[in-house]
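An overview of the molecular structure
Now for the letters of each chain:
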Amino acid sequence: MDPELELIRRQAEHKLPPATWDFLSAGAGTESTIRDNQAAWQRWWLRPRVLRDMSRVDTRAEVLGGEVAAPILLAPVGRQRAFHPDGEEASAAAAAAADTVYCLATSATTDLHALAGRPGRRWLQLYVSEDRELTRQVVANAAAGGYERVVVTLDRPVEATRPRSRRHRTLGPLPDGAAVTTHLGDGSTREHRPGRWDRALTWSDLDWLAELGLPLTAKGILNGEDALRCLDHGVDSVIVSNHGGRQLDGAVPTAVALTEVIDAVDGRAPVLVDGGIRTGGQAFRALALGVRAVLIGRPYVWGLAADGERGVGRVLDTLIAELRETMTLSGCAAIADITAERVRDRGGACG
């Protein structure tokens, strides 16, 4: 991990109550997937090229219908006012300042309406409720509020056991007025209960979601078969994700699953990835493997806990600077130059 990120991580741990820190840090079961996610990115060596004009290096990229300053996005993380009083609003503001995308979680402690009309690109992460009218209303209000797309999470039919956080009876204190609710975007809320998320989702439900008016991204994909089937049911992009190691203990690391999904999709749709990315060099590796962008979760919440909006900005600035330096030293003046020939599998050639 970058030393600056490690410093921010330590500051966050120092500031947060133990229960809140453990909620953020915990993984499912033995937490092997958290460890494997981070380690798997190091299976790829970098293959730099020399004598390229590196007088100007441009990290800008097109990601799902709009341009970003760098293809490093903020993943959905719930309950952010547990980490800082400004919560999701601070994270969204930092993303806008960095000219990147912020994805608001279903389990936010900020109403989606609170971000409507503010600068920046916003997506809405969605857990589908058993109450279909509730889900329809949330999506409609997100569309009216300027959210560009729905990111539907598919890898959480139930919440996995996370022993590190389970030992605490509660997440920790929330600021006055904060609640973990399903925000409808019109000022009203309903109690947020994971048990009310629909465990009976099938492929036909993706068709229904795709008809609600916003473009649809599927999050939680770890194999090529599911990625291809998503594309046949109204999804226009997929995020390779194992929920940051918080769901299935022992799930394939995203850096490994990514190559299978990229090969299966074969250019039919954009692929994004999250999980274990802690440096700009790891983001470079993911881009070389074929993703359109990466998403980060825990690192920016460390920044939020450490110093609110400024802390999130520090994390983004650090990762973008590292990506730019890696591009420069690898001979890539633009994101389009980051191709499969720029990495090599430690067990053989890539691409």
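In this report, the structure presented in the accompanying data block is examined. (Residues numbered from 1 in each chain as written. Predicted model: local features only at pLDDT ≥ 70, side-chain atom pairs only at ≥ 80, totals over all residues. Heavy atoms only, no water.)

This next bit is on the overall build of the chain. Helices and strands together make up the secondary structure of the chain, namely 11 helices and 15 strands. Taken over C-alpha atoms, the radius of gyration comes to 19 Å for the chain, in line with the 20 Å a tight globule of 351 residues would show. Counting only C-alpha atoms and orienting by the principal axes, one finds that the chain spans roughly 60 × 45 × 40 Å. Taking all 351 residues of the chain together, the buried fraction comes to 58%. Across the chain, contacts joining residues at least 24 apart in sequence account for 73% of those joining residues at least 6 apart. Surface summary for the chain: the accessible area is close to 14,500 Å², and the carbon and sulfur share equals 49%. Across the chain, the centroid of the 42 positively charged side chains sits 4 Å from that of the 46 negatively charged ones. (Helix = DSSP H or I, 4+ residues; strand = E, 2+ residues; numbered from the N terminus. Rg over C-alpha atoms; globule rule 2.2 N^0.38 Å. Buried < 20%, exposed > 50% of the residue type's maximum accessible area, 1.4 Å probe, protein only. Contact = heavy atoms within 4.5 Å. Areas by Shrake-Rupley, 256 points an atom, 1.4 Å probe, with all protein chains shown as cover. Lys, Arg positive; Asp, Glu negative; His and termini not counted. Charge placed at Lys NZ, Arg CZ, Asp CG, Glu CD.)

The full count for this structure, using the stated rule, is 19 salt bridges. A salt bridge links glutamate 148 to arginine 121, with the nearest nitrogen and oxygen atoms 2.8 Å apart. Taken as a pair, glutamate 148 in the loop between helix 5 (132–144) and strand 7 (150–153) and arginine 121 in strand 6 (residues 121–126) lie far apart in primary sequence, 27 residues in all. Looking at glutamate 148, the relative accessible area reads 28%, which means it is partly exposed. For arginine 121, a relative accessible area of 13% gives the class buried. Within the structure, one salt-bridge network assembled from shared partners comprises Glu6, Arg9, Arg10 and Glu13. (Salt bridge = Lys/Arg side-chain N within 4 Å of Asp/Glu carboxyl O.)

Each pair of packed helices gets described by two things: the angle between the helix axes and the distance between those axes. At their nearest, the axes of helix 5 and helix 7 (residues 203–210) sit 11 Å apart, and the two run at 40° to each other. The angle between helix 5 and helix 7 falls in the class oblique. Where helix 5 crosses over helix 7, the two elements pack in a sense that is right-handed. In this structure, helix 5 contributes Arg132, Thr135 and Arg136 to the contact, and helix 7 contributes Asp205, Trp208 and Leu209. Class assignment of the residues belonging to the contact of helix 5 with helix 7 gives a composition of 2 nonpolar, 1 polar and 3 charged. (Axes fitted to C-alpha atoms, helices over the stretch in contact; angles between N-to-C directions. Parallel < 35°, antiparallel > 145°, perpendicular 65-115°, else oblique. Left-handed = near helix turned anticlockwise from the far one by under 90°. Nonpolar A, V, L, I, M, F, W, Y, C, P; charged D, E, K, R; others polar.)

Our next topic: the packing of helix 2 (residues 18–25) against helix 11 (residues 298–330). At a minimum axis distance of 11 Å, the contact between helix 2 and helix 11 shows a crossing angle of 160°. Relative to helix 11, helix 2 is oriented roughly antiparallel. Counted together, Trp21, Leu24 and Ser25 of helix 2 and Arg298, Val301 and Trp302 of helix 11 form the full contact between these two elements. Split into classes, the residues belonging to the contact of helix 2 with helix 11 amount to 4 nonpolar, 1 polar and 1 charged.

All right, on to the packing of aromatic side chains then. Going through the model one piece at a time under the given rule, you end up with 1 aromatic pair. Ring geometry for phenylalanine 23 versus phenylalanine 83: centroids 6.4 Å apart, planes at 25°, classification stacked. With a gap of 60 residues between them, phenylalanine 23 in helix 2 and phenylalanine 83 in the loop between strand 4 (72–74) and helix 4 (87–97) connect regions that are remote in the sequence. Phenylalanine 23 gets classed as buried once you look at its relative accessible area, which sits at 18%. The exposure class of phenylalanine 83 is buried, given its relative accessible area of 4%. Above the ring of tyrosine 147, the side-chain terminus of arginine 122 is found at 5.3 Å from the ring centroid. For the cation-ring pair, arginine 246 lies above phenylalanine 23, with the distance from its terminal atom to the ring centre recorded as 5.1 Å. (Phe/Tyr/Trp six-rings, centres within 6.5 Å; stacked < 30°, edge-to-face > 60°. Lys NZ or Arg CZ within 6 Å of the ring centre and 35° of its normal.)

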